[in-house]
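Each chain, written out:
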There are 2 protein chains.
Amino acid sequence: MSTPIQEPTPGSLTGLRVIEISTSVAAPFGGQILGDLGAEVIKIERQAGDDTRKWAPPAWNGESIAFMSFNRNKKSVVLDYKTDEGKKILIDLLRDADVLVQNLRPGALAKAGFTWEYLHELNPRLIYCEMSGYGHTGPRAMQPAYDPLLQAFSGIVSMTGEDGGEPARVPVSLLDMGTGMWMAMSVLEALRRRDMTGHGCHVQNSLLQTALTWITSPLIGIAAGNPAPRRLGSGFRGVVPYGAFPTADGHIFISAGNDDIFRRLLGAIDAQDLGEREGFTTNPERVENRKLVQDVLGERTSQFTLDELLVRLKAANVPHSPVNTVDMVYRDEQVKATGMLQPLPHPVVEDLEVVNLPVTFDGQYPPLTKCPPALGEDTVEVLAALGRSEDEIRALIADGVVRAATEQAPA
Amino acid sequence: MSTPIQEPTPGSLTGLRVIEISTSVAAPFGGQILGDLGAEVIKIERQAGDDTRKWAPPAWNGESIAFMSFNRNKKSVVLDYKTDEGKKILIDLLRDADVLVQNLRPGALAKAGFTWEYLHELNPRLIYCEMSGYGHTGPRAMQPAYDPLLQAFSGIVSMTGEDGGEPARVPVSLLDMGTGMWMAMSVLEALRRRDMTGHGCHVQNSLLQTALTWITSPLIGIAAGNPAPRRLGSGFRGVVPYGAFPTADGHIFISAGNDDIFRRLLGAIDAQDLGEREGFTTNPERVENRKLVQDVLGERTSQFTLDELLVRLKAANVPHSPVNTVDMVYRDEQVKATGMLQPLPHPVVEDLEVVNLPVTFDGQYPPLTKCPPALGEDTVEVLAALGRSEDEIRALIADGVVRAATEQAPA
């Protein structure tokens, strides 16, 4: 059954220009969201390019997967704005831009002359998003930061991993990507404010502020005088059994939120005998005997294959999920049905698939309009649109002020 | 040094009305963001209230910390919209609303008569956000879902935890809260679209779609033919040493992104001898001997206290962070400097502190205007604003159609 094809409606940022001076993940992901919503996003890169272009494997036909993950629907311009000529070009770009987003080292852009005061005077309608590691005030304000270090600093690493084991990292960039999401949301808010006031505002966020939001409940718990949360593996503080259990050929995640579900679970795995065992009867007892209960149940679940357990737990109406690996996720029928993975043919990676913005509007994902760009792919086009002649562009390239992808440079 | 006090500017949603029919985390967190940005958010609760009101400890003076984490800046109305009278009230509310957000079980609101078609006809300007577990099409579309089960389903649990150990859970609600963030962002986008077209649209998202976005790079890696990522504890695929290392009194997170940093690290911990040891010399060798290198380095780092190592690594310019526990985070000077934790005195919890929206606009966080509400705290006010008389409200309460917090009910 195929869905009728319908062209997706362009997003509300169509006609707006975003200048993204960025590297790595936070600002690129935020910029990509703005591009998905229709903005013309011009990514300013150094001669060496965004760091992710050179991140270690995995690559696909030599193209960095990290870069391709966070840079579709945008243009690439290589520009050294620390040179006099380069600075003029950036000023020209910002004069007509709606949004400037940057995640350079704290203070770097201001040092090059682009303070909020200057930017606001240059273009009072410009919205300026300044992204940092630790926030814009305080003893660490000027320190650079990375997602994993901030996961450690903000308590997330301390809570992740086995009970009694070593602390672990969250394997997704929840601080970098989360900060990009807050930035994109804030741009939409700032645009609405601009519609009312006529002028842009200065938006600031950081990985640390994002991290504190993820741990809202634990932080309020500390304010209330409770102890810091400890590591519980795949478990949950107030409920046992809850978490990943071994099977003969993989893991299954089980959540027995109350004693009725627990009885149904025992029935489903032919373990009714455990229902009367001391320490297993009620949830508070099981929480008290967490490790024992988990180990004993794990012995029982490992007698079954994953497929057998999926059938039995479904029949018994026990909340559960397979613990899928990412290759299983990729092939899953439900994942396919979401339409989240979409082909975006790329000159070097013909079979490129990307992950859509995770929201539909009237049933449609926002359109994919442009591949992740080659370094400097759009330098010439953007400079020409600013009124630079072919001769001027050639000179700028020769002087190392800008760089163009080979096939784009004027002969 | 104190910052000059300045009243924060109200957000751009001031004057707009959001109806939130919700429970747990995803929709409440999204609704709270909209309230932070100025919307009047009317939360419709069942007689029993949002599930989080009864979540297991921790509580603060008997008030649920989970509920207080995700429900400030909104009103609480208890309403049974499945009764005839209740349905009329909900219709009256929606007629003048700008946004309806819900995360009920799939199909539940449509079954009560509130389909997108009906809503769009009732109020063509209404934006309808439908949040689900697995997305709105596909074999699992009608299944309810929870953050931890979806973490397992989407591959996140399979990647989290020790190398060779059991899979672990991410201890923050990155799917629930992330889905709330995407929803809030989509409302801002849909409002801009409405400014252009005059009509509201149907926004749909889900925990699964959010999860697939978090694992964008691993998914594209699978499409490229790479194997599924495996668990690496606090480590990182391409770099060793990288991760949490033991000290005499806690853990420290170290990132030695290149061989120069590795030499500086060895110098800082008096371990220059390891620089010449076979298998330790270059990053590719260290990645090959990951476990050995980590164990040997861990023996050395555990000879120092955390404070000693913080001083030594800072002096050697080696990227690092303490692995803070949440109580340490709460007391940290940098965290205080961000201003993210803010008092919001509550009738039952006088010392309540909440976590701000993690973004400042012109240096100001959005204002905190209302405590997390008692169940039905605003029922009477909202009904009166709809034109219901005191007699009518008394009858609605008596009939169990609505419920008011005790001190709010008409005598």
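As the structure is a prediction and not an experimental result, all values here were calculated from the model. (Residues numbered from 1 in each chain as written. Chains lettered and ligands numbered in written order. Predicted model: local features only at pLDDT ≥ 70, side-chain atom pairs only at ≥ 80, totals over all residues. Heavy atoms only, no water.)

Peer 1: Looking at this model, I keep getting lost on the overall build of chain A. Mind explaining?
Peer 2: Within chain A, the secondary structure is distributed over 18 helices and 15 strands. C-alpha atoms of chain A, sized along the principal axes, occupy 85 × 55 × 40 Å. Here chain A holds 411 residues, and the buried ones make up 59% of them. As displayed, chain A has an accessible area near 16000 Å², and 51% of this comes from carbon and sulfur atoms. In chain A, 38 positive and 52 negative side-chain charges are present, and the distance between their average locations comes to 4 Å. (Helix = DSSP H or I, 4+ residues; strand = E, 2+ residues; numbered from the N terminus. Buried < 20%, exposed > 50% of the residue type's maximum accessible area, 1.4 Å probe, protein only. Areas by Shrake-Rupley, 256 points an atom, 1.4 Å probe, with all protein chains shown as cover. Lys, Arg positive; Asp, Glu negative; His and termini not counted. Charge placed at Lys NZ, Arg CZ, Asp CG, Glu CD.)

Peer 1: Looking at this model, I keep getting lost on empty space enclosed by the protein. Mind explaining?
Peer 2: The rolling of a water-molecule-sized probe over the atoms marks out the regions of remaining empty space. One pass over the full model with this rule turns up 3 cavities of 30 Å³ or more. A volume near 70 Å³ is recorded for the largest cavity. Taken together, 15 residues line the largest cavity, and the ones lying closest to its centre are A:Thr213, B:Phe29, B:Gln32, B:Arg72 and B:Val355. Where the lining of the largest cavity is concerned, the elements lending two or more residues are helix H1 (26-36) and helix H2 (65-70) of chain B. Here the lining of the largest cavity takes 4 residues from H1(B), the largest share from any one element. Its residues assigned to classes, the lining of the largest cavity comprises 8 nonpolar, 5 polar and 2 charged. (1 Å grid on protein atoms, 1.4 Å probe; cavity = no way out; pocket = protein on both sides within 12 Å on 5 of 7 lines; lining within 4 Å. Points joined across faces, edges and corners; volume = space filled by probe spheres on them. Nonpolar A, V, L, I, M, F, W, Y, C, P; charged D, E, K, R; others polar.)

Peer 1: Explain the pattern of salt bridges here, please?
Peer 2: Following the criterion strictly, the structure yields 48 salt bridges over all chains and no others. Overlapping salt bridges, with partners in common, bring together A:Arg17, A:Glu40, A:Lys75 and A:Glu381 in one network. (Salt bridge = Lys/Arg side-chain N within 4 Å of Asp/Glu carboxyl O.)

Peer 1: I'm lost on the sheet that holds strand E8 (residues 202-206) of chain B in this one. Help?
Peer 2: In any sheet, the strands associate via hydrogen bonds between backbone groups, in a parallel or an antiparallel arrangement. Pairing is mixed in the open sheet, where 8 strands are placed in the order E14(A)-E8(B)-E7(B)-E6(B)-E1(B)-E2(B)-E5(B)-E15(B). Each edge of the open sheet carries a strand with a single partner, namely strand E14 (360-361) of chain A together with strand E15 (402-403) of chain B. Examined bridge by bridge, strand E6 (residues 99-102) of chain B and strand E7 (residues 127-132) of chain B share 4 bridges and lie parallel to one another. Pairing of B:Leu100 across the sheet is with B:Tyr128, part of E7(B). Its contacts with the sheet place helix H3 (residues 84-95) of chain B against strand E1 (17-21), strand E2 (40-45), strand E5 (75-79), E6 and E15 of chain B, and it is angled at close to 145° to E1(B). (Pairing = 2+ DSSP bridges. Contact = heavy atoms within 4.5 Å. Axes fitted to C-alpha atoms, helices over the stretch in contact; angles between N-to-C directions.)

Peer 1: Just checking my understanding: could you explain the packing of aromatic side chains for this structure?
Peer 2: Aromatic ring pairs are described here by two measures, namely the spacing of the ring centres and the angle between the planes. Tallying each qualifying case throughout the model produces 17 aromatic pairs over all chains. Here A:Trp116 and A:Tyr128 contribute two aromatic rings whose centre-to-centre distance is 6.5 Å and whose plane-to-plane angle is 15°, an arrangement assigned as stacked. In this pair, A:Trp116 is assigned in helix H5 (residues 116-122) and A:Tyr128 in strand E7 (residues 127-132), connecting sequence segments 12 residues apart. By the burial criterion, A:Trp116 is buried, and A:Tyr128 matches it. Arranged with centres 5.7 Å apart and planes meeting at 65°, the rings of A:Trp214 and B:Trp214 form a pair that is edge-to-face. Here A:Trp214 is found in helix H9 (residues 207-214), whereas its partner B:Trp214 is found in helix H9 (residues 207-214) on a different chain. The burial state of A:Trp214 is the same as that of B:Trp214; both residues are buried. One aromatic cluster in this structure is built from A:Phe29, A:Phe70 and B:Trp182. (Phe/Tyr/Trp six-rings, centres within 6.5 Å; stacked < 30°, edge-to-face > 60°.)

Peer 1: Is there a simple way to think about the sheet that holds strand E11 (residues 320-322) of chain B in this case?
Peer 2: All names here are of chain B. Spatially, E9-E10-E11 is the arrangement adopted by the 3 strands of the open sheet, whose pairing is antiparallel. Each end of this open sheet is capped by a strand with a single partner; those strands are strand E9 (242-247) and E11. The average angle at which neighbouring strand axes cross in this sheet is 25°, direction not considered. In the sheet, strand E10 (residues 250-255) pairs with E11 via 3 bridges, with the strands oriented antiparallel. For Phe-253, the partnering residue across the bridge sits in E11 and is Ser-321. Along the sheet, helix H13 (residues 290-301) makes contact with E9 and E10, crossing E9 at roughly 40°.

Peer 1: Teacher, can you tell me more about H13(B) here?
Peer 2: One turn of the α-helix equals 3.6 residues, which is why residues spaced by three or four share an orientation. Residues and elements named next belong to chain B. For H13, which comprises 12 residues, the first-to-last C-alpha distance of 16 Å matches the rise-based estimate of 16 Å (1.5 Å per residue) to within 8%. Of all the residues in H13, the buried ones are Arg-290, Val-293, Val-296, Leu-297, Gly-298 and Thr-301. At its buried positions, H13 is contacted by E9, E10, helix H11 (259-268), helix H12 (283-288) and helix H14 (306-315). (Expected span 1.5 Å × (residues − 1).)

Peer 1: When you look at the relation of the copies chain A and chain B in this model, what are you seeing that I'm missing?
Peer 2: Two copies of one chain are present, and they are related through a rotation about an axis combined with an axial shift. Its rotation angle being 180°, the transformation that places chain A on chain B also includes 0.0 Å of axial translation and leaves an RMSD of 0.0 Å. The symmetry that links the two subunits is that of a two-fold axis. Mapped onto chain B, 100% of the interface residues of chain A are again interface residues, and the two copies thus contact each other with one and the same surface. (Least-squares fit on C-alpha atoms with pLDDT ≥ 70 in both.)

Peer 1: How should I be thinking about the packing of helix H8 (residues 176-197) of chain B against H9(B) in this particular structure?
Peer 2: Working note: a packed helix pair is described by the angle between its axes plus the distance between those axes. Residues and elements named next belong to chain B. In contact at an axis separation of 9 Å, H8 and H9 are set at 100° when each is read in the N-to-C sense. When the interaxial angle is binned, H8 and H9 end up roughly perpendicular. Where H8 approaches H9, its residues Asp-176, Gly-178, Thr-179 and Trp-182 are matched on the opposing element by Leu-207, Thr-210 and Thr-213. In the contact of H8 with H9, the residues fall into 2 nonpolar, 4 polar and 1 charged. (Parallel < 35°, antiparallel > 145°, perpendicular 65-115°, else oblique.)

Peer 1: Just to check I follow, could you spell out helix H1 (residues 26-36) of chain A for this structure?
Peer 2: Residues and elements named next belong to chain A. By the criterion of burial, H1 is predominantly enclosed, with 11 of the 11 residues buried. Within H1 the residues assigned to the buried category are Ala-26, Ala-27, Pro-28, Phe-29, Gly-30, Gly-31, Gln-32, Ile-33, Leu-34, Gly-35 and Asp-36. Just downstream of H1 lies Gly-38, where phi reads positive at about 110°.

Peer 1: Would you explain the environment of A:Thr160 in this entry?
Peer 2: In this structure, A:Thr160 sits in the loop between helix H7 (156-159) and helix H8 (176-197). Sequence-wise, A:Thr160 and A:Pro229 are 69 residues apart; in three dimensions their C-alpha atoms are separated by 9.8 Å. Residues within four places of A:Thr160 in sequence aside, it is in contact with A:Glu166, A:Pro167, A:Ala168, A:Arg169, A:Val170, A:Arg231, B:Thr160, B:Arg169 and B:Pro171.

Peer 1: What am I meant to see in the environment of A:Leu357 here?
Peer 2: In this structure, A:Leu357 sits in the loop between strand E13 (353-355) and E14. Residue classification places A:Leu357 among the buried positions, given a relative accessible area of 6%. Between the C-alpha atoms of A:Leu357 and A:Leu37, which are 320 residues apart in sequence, the distance is 9.1 Å. Each residue touching A:Leu357, except ones within four places of it in the same chain, is listed here: A:Ile33, A:Asp36, A:Leu37, A:Arg72, A:Met340, A:Tyr365, A:Pro366 and B:Trp182.

Peer 1: Any chance you could explain the interface of chain A and chain B here in plain terms?
Peer 2: When the parts come together, some accessible area is lost, and that loss is often what is quoted as the size of the interface. Contacts between the two partners involve 128 residues from chain A, matched on the other side by 128 residues from chain B. Between chain A and chain B, the buried area comes to about 11200 Å², and carbon and sulfur atoms account for 69% of it. Broken down residue by residue, the surface that chain A buries against chain B is led by A:Arg192, A:Trp214 and A:Gln334, which jointly contribute 7%. B:Arg192 is the partner of A:Asp195 in a salt bridge, and the nearest nitrogen-oxygen pair spans 4.0 Å. Looking at chain direction, E14(A) and E8(B) are connected through 2 bridges and run antiparallel. Looking at the pairing, A:Phe361 lines up with B:Val203 of E8(B). (Buried area = accessible area lost by both parts, 1.4 Å probe.)

Peer 1: Which parts of the structure should I look at to understand unusual backbone geometry?
Peer 2: Note on backbone geometry: most residues besides glycine have negative phi, and most peptide bonds are trans. Residues and elements named next belong to chain A. Put simply, Val-240 and Pro-241 share a cis peptide bond, and its omega is 0°. Inspection of the secondary structure puts Pro-241 in the loop between helix H10 (216-223) and strand E9 (242-247). Of note, the phi angle at Asn-61 is positive, near 50°, even though the residue is not glycine. Within the element layout of this structure, Asn-61 appears in the loop between strand E3 (59-60) and strand E4 (63-64). You can call Asn-61 exposed: its relative accessible area is 52%.

Peer 1: Just checking my understanding: could you explain the pairing of strand E8 (residues 202-206) of chain A for this structure?
Peer 2: Residue and element names in this part refer to chain A. Along E8, 5 of the 5 residues are buried, which leaves the element largely enclosed by surrounding structure. The side-chain alternation of E8 yields two buried faces, one formed by His-202, Gln-204 and Ser-206 and the other by Val-203 and Asn-205. Pairing between E7 and E8: 5 bridges, direction parallel. If you follow Ser-132 over to E8, its bridge partner there is Ser-206.

Peer 1: Hey, could you run me through the nonpolar core in this one?
Peer 2: Inside soluble globular proteins, nonpolar side chains tend to come together where they are buried. Within the largest apolar cluster, 116 residues are counted, with the highest numbers of intra-cluster contacts made by A:Leu34 and B:Leu34. Not counting chain neighbours up to four residues away, the residues in contact with A:Leu34 comprise A:Leu13, A:Val18, A:Ala39, A:Val41, A:Val101, A:Met183, A:Ala184 and A:Val187. (Core = buried A, V, L, I, M, F, W, Y, C linked by side-chain atoms within 4.5 Å.)

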